[in-house]
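# A closer look at the structure
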Amino acid sequence: MNLISKMIIPLFVLFVVFYGYKKKIMIYDTFLEGAKEGLITVFHIFPAILAMVFAINIFLNSHILEILFSTFTPFFEKINLPIQILPMAFVRPISGTASLAIMNDIFANFGPDSFVGRLASTLQGCTDTTIYVLALYFGSIKINKTRYALSTGLFADLIGIIASFIIVHLIF
Amino acid sequence: MINKLWGFFIIVGILFTLFMGNIESLNDTILTSATNGVEMVLDLLPIIVLWSGIMKIAEKSGLLYKVGNLVKPLLHKLFPSLKKDSKALGYITSNIVANAMGLGSAATPFGLKAMEEMQKENEKKEEASDAMITFLVLNTSGVTIVPTTVIALRMMYHSANPEEIIITAILATICSSIAGLTLDYFRRRKNR
């Protein structure tokens with residue numbers, strides 16, 4: 001599995017370049033043209049990334065989540081849900097690095113093969129940083145009316161979290 | 001919605017930090033956030049520039065169009081509002097495939113290109129189109145088949161079977177994707 005995912009990028013590049021070569025297009029000039037467009041894209045998404053990192057950092061570093069969730073501990077123990085997973089589930093749509101850091105903590109404290117370790121792995125694998133992605137993608141084409149995109153994305157995340165919990169329970 | 005959320009993060013974050021009396025750390029956070037943002041962009045910059053170049057070759061040679069054609073019947077059902085020969089279809093496919101293989105950073109340039117192409121077909125340039133929302137729901141519910149980072153981290157902590165979570169992640173992804181697409185479908189219809 002690992003070897004396959006390591007081979008994908010080199011093979012992909014090889015295939016694309018070879019295909020362009022065979023179709024007799026100016027591959028080098030075309031590459032430069034695309035790279036220039038890429039540079040413009042980065043230029044456009046830079047403010048959106050900066051704005052989101054700024055807001056998310058302030059929010060996460062206030063430690064409001066840890067304090068909020070610690071009050072729920074007794075309740076979650078009663079329904080047999082490990083409390084450590086909560087901040088991770090909440091942070092997952094906001095920041096990939098932050099949720100990865102929490103998962104790292106969970107692995108260090110409980111081990112990757114514990115119930116909460118497996119649940120954290122599944123969570124990290126099955127959803128994405130919805131809020132960050134929306135800010136980035138819509139920001140790149142200057143769209144500010146996002147309609148029902150965010151709530152639908154977060155709904156899917158919520159279902160993913162619930163499904164992870166049930167599936168990990170059933171399979172292991 | 002993003003406007004409100006952005007304000008919420010900043011206002012709640014600052015007020016709560018002040019309430020807890022961590023003025024010192026608040027200053028740090030505000031000042032270092034800009035640097036973090038720049039670092040993030042610098043991480044993305046070479047990847048996006050490089051892949052935009054490679055993908056331009058795929059586009060000009062007609063490869064992208066061919067790949068888009070391959071999955072067209074399925075994509076047309078998901079994105080009925082896009083034109084039949086839309087370039088966006090090829091980029092959407094590339095983005096989903098790269099994401100599925102756990103190559104998140106390689107997927108981003110494809111996704112951005114897909115948005116750009118969809119924006120060309122968008123009638124209200126300020127507003128998200130139906131196709132964009134469907135794409136983002138599909139993208140963020142994460143069709144990950146090989147979560148590479150997670151597996152690497154599990155190996156680091158000596159998991160007995162680091163890959164065992166692939167199957168649970170796929171099953172959970174299927175659930176969240178179906179839930180997201182279903183909700184998207186009904187809201188799209190309600191909006192007409």
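All values reported here derive from a predicted model rather than from experimental measurement. (Residues numbered from 1 in each chain as written. Chains lettered and ligands numbered in written order. Predicted model: local features only at pLDDT ≥ 70, side-chain atom pairs only at ≥ 80, totals over all residues. Heavy atoms only, no water.)

This paragraph deals with the packing of helix α6 (residues 96–110) of chain A against helix α7 (residues 115–126) of chain A. All names here are of chain A. It is at 9 Å that the axes of α6 and α7 come closest, and there the two elements cross at 160 degrees. As the angle between them shows, α6 and α7 are arranged roughly antiparallel. The handedness of the crossing between α6 and α7 is left-handed. For the pair formed by α6 and α7, the contact residues are G96, S99, L100, M103, I106, F107 and F110 on the first element and V116, G117, A120, S121 and Q124 on the second. Tallied by class, residues from the contact of α6 with α7 come to seven nonpolar, five polar and no charged. (Axes fitted to C-alpha atoms, helices over the stretch in contact; angles between N-to-C directions. Helix = DSSP H or I, 4+ residues; strand = E, 2+ residues; numbered from the N terminus. Parallel < 35°, antiparallel > 145°, perpendicular 65-115°, else oblique. Left-handed = near helix turned anticlockwise from the far one by under 90°. Contact = heavy atoms within 4.5 Å. Nonpolar A, V, L, I, M, F, W, Y, C, P; charged D, E, K, R; others polar.)

So, about the domain arrangement of chain B. Residues and elements named next belong to chain B. One can read the domain layout of chain B as domain 1 (1–61) and domain 2 (62–192). One C-alpha centre belongs to domain 1, the other to domain 2; they are set 22 Å apart. With nine residues of domain 1 in contact, the opposing surface of domain 2 contributes 13 residues. Between domain 1 and domain 2, the buried area comes to about 960 Å², and carbon and sulfur atoms account for 70% of it. Between domain 1 and domain 2 we count seven residue pairs in polar contact (both at pLDDT 80 or more) in total. (Domains from an automatic or database assignment. Buried area = accessible area lost by both parts, 1.4 Å probe. Polar contact = N/O pair within 3.5 Å; in protein donor to acceptor, adjacent residues only side chain to side chain.)

A cluster of nonpolar side chains, L158(A), I162(A), I166(A), L170(A), I171(A), F172(A), I167(B), L171(B), I174(B) and I178(B), forms an exposed patch at the surface whose accessible area comes to about 900 Å². Considering every element that reaches the nonpolar patch, the biggest residue donor is helix α9 (residues 149–171) of chain A, with five residues. Mapping I171(A) onto the fold places it in helix α9. (Patch = residues over 30% accessible without salt bridge, like charges linked within 9 Å, V, L, I, M, F, W, Y side chains within 5 Å. Areas by Shrake-Rupley, 256 points an atom, 1.4 Å probe, with all protein chains shown as cover. Salt bridge = Lys/Arg side-chain N within 4 Å of Asp/Glu carboxyl O.)

This next bit is on the pattern of salt bridges. For side chains of opposite charge, pairing can occur when their charged atoms come near one another. Taken as a whole, this structure holds 14 salt bridges over all chains when the rule is applied. K56(B) is the salt-bridge partner of E37(A), the closest N and O atoms lying 2.9 Å from each other. Of this pair, E37(A) sits in helix α2 (residues 27–61) while K56(B) sits in helix α2 (residues 23–60), placing the two residues on different chains. Salt bridges linked by common partners bring E33(A), E37(A), K56(B), E59(B), K60(B), K87(B), K113(B) and E116(B) together as one network.

For the rest of this paragraph, the subject is the interface of chain A and chain B. Contact with chain A, which involves 93 residues of that partner, is made by 101 residues of chain B. When chain A packs against chain B, close to 8,500 Å² is buried across both sides, 75% of that on carbon and sulfur atoms. A per-residue breakdown of the area chain A buries against chain B is headed by Y137(A), R147(A) and Y148(A), which together make up 9% of the total. Our enumeration of links across chain A and chain B arrives at eight salt bridges. At the junction of chain A with chain B, the criterion picks out 24 residue pairs in polar contact (both at pLDDT 80 or more). Where the side of chain A that touches chain B is concerned, the elements lending two or more residues are α1 (2–22), α2, α3 (64–70), α6, α7, α8 (130–140) and α9 of chain A. Tallying contributions element by element places α2(A) first for the side of chain A that touches chain B, with 25 residues. Residues of the side of chain A that touches chain B, tallied by class, amount to 56 nonpolar, 27 polar and ten charged.

Another point: the environment of A98(A). Residues and elements named next belong to chain A. Mapped onto the fold, A98 is located in helix α6. When the C-alpha positions of A98 and I56 are compared, they lie 9.9 Å apart, and in sequence the two are 42 residues distant. If sequence neighbours within four positions are ignored, A98 has contacts with L60 and V91.

The subject of this paragraph is the packing of α6(A) against helix α8 (residues 148–156) of chain B. Relative orientation of the contacting elements α6(A) and α8(B) amounts to 30 degrees, with a least axis distance of 10 Å. By the angle class used here, α6(A) and α8(B) are roughly parallel. Note on packing geometry: the crossing formed by α6(A) with α8(B) is right-handed. In this structure, α6(A) contributes L100(A), M103(A), N104(A) and F107(A) to the contact, and α8(B) contributes T149(B), V150(B), L153(B), R154(B) and M156(B). Classifying every residue of the contact of α6(A) with α8(B) gives six nonpolar, two polar and one charged.

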